[in-house]
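Chain residues, written in single-letter form:
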Amino acid sequence: MTRIVAGAAGGTVLASVPGDGTRPTTDRVKEALFSRLESMNMLVDARVLDLYAGSGSLGVESASRGAKSVELVEFNEKAAGVCQRNAELANKVLGSKVVSVQRSKVESFLDRTAAAGVDHWDLVFLDPPYPLTDAALGDVLRVLGPQLGSYAVVVVERSSRSPEPPWPASLERFAEKKYGETRLWFAEPAGA
């Protein structure tokens, strides 16, 4: 059972993606991650982007804790449907449309937002599927870098056995933390 851990919608049970095609972030990892983000003042009024969103649990958790807007980006049809249900549930509990869903490949979404000159993101989660190559992840991070706000934080969730993401010149890693089989990598715009 996946749930929103804290905030205005804390305790709300979320829908999960059926099957084993996604790996939901455990409550333990989610609690530690959001405790860190709150201590960094990264959530209130933030523009949040959740790439490879799966069920959207990281994005809706951000909304519950005060994010101004959240975009969930997921290509898989079943997962995108679950994202939509969870976004609607969170928006209903919060009383406003904070969370929206884009059914799109991450690369296509970032190309569109770059071309449109979209406002900069404050917080970005990437929890790509394990089969995504390091080179493909590096390409996504390279396109993402120029779309970040000056003090943005990027969180990449990978298997603890995966190597460090190939950071582009526009991003600098500032922390990493291992939680069992999960490793979180934290980066910020270079020179921030």
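Residues numbered from 1 in each chain as written. Predicted model: local features only at pLDDT ≥ 70, side-chain atom pairs only at ≥ 80, totals over all residues. Heavy atoms only, no water.

## Observations regarding helix α5 (residues 134–144)
Line of reasoning, step 1. Taken as a whole, α5 has its buried residues at Leu-137, Gly-138, Val-140, Leu-141 and Leu-144. Down the axis of α5, the sector holding all buried residues measures 160°, keeping them to one side.
Line of reasoning, step 2. Considering only its buried residues, α5 is in contact with β3 (47–51), α4 (106–116), β6 (121–126), β7 (148–159) and β8 (171–179). (Buried < 20%, exposed > 50% of the residue type's maximum accessible area, 1.4 Å probe, protein only. Helix = DSSP H or I, 4+ residues; strand = E, 2+ residues; numbered from the N terminus. Arc of directions from axis to C-beta. Contact = heavy atoms within 4.5 Å.)

## A short note on the environment of Glu-88
Line of reasoning, step 1. On the secondary structure map, Glu-88 appears in helix α3 (residues 77–94).
Line of reasoning, step 2. Here Glu-88 falls in the partly exposed class, since its relative accessible area comes to 48%.
Line of reasoning, step 3. Sequence spacing of Glu-88 and Val-101 is 13 residues, and the spatial spacing of their C-alpha atoms is 9.6 Å.

## Re the sheet that holds β6
Pairing between the strands of a sheet comes from backbone hydrogen bonds, and it takes one of two forms, parallel or antiparallel.
Line of reasoning, step 1. The strand order across the open sheet built from seven strands is β5-β4-β3-β6-β7-β9-β8, with neighbouring strands paired in mixed fashion. Two strands lie at the open edges of the sheet, namely β5 (99–103) and β8, each paired on one side alone. The sheet shows a mean angle of 15° between the axes of neighbouring strands, direction not considered.
Line of reasoning, step 2. Sitting on the sheet, helix α2 (residues 57–64) is in contact with β3, β4 (69–74), β5, β6 and β7, with an inclination near 175° to β4.
Line of reasoning, step 3. The strands touched by α5 are β3, β6, β7 and β8; relative to β7, the strand with the most contacts, the crossing angle is about 165°. (Pairing = 2+ DSSP bridges. Axes fitted to C-alpha atoms, helices over the stretch in contact; angles between N-to-C directions.)

## So, helix α1 (residues 27–39)
Line of reasoning, step 1. Its 13 residues place the ends of α1 18 Å apart at the C-alpha level, agreeing with the 18 Å of an ideal helix rising 1.5 Å per residue.
Line of reasoning, step 2. Considered for burial, the residues of α1 that qualify are Val-29, Lys-30, Leu-33, Phe-34 and Leu-37. All buried residues of α1 fall inside an arc of 120° around its axis, so they share one side. The outward face of α1, more than 90 degrees from its buried face, is lined by the exposed residues Arg-28 and Ser-39.
Line of reasoning, step 3. Looking at the residues trailing α1, positive phi occurs at Asn-41, about 55°. (Expected span 1.5 Å × (residues − 1).)

All we've got here are geometric facts, nothing functional implied.
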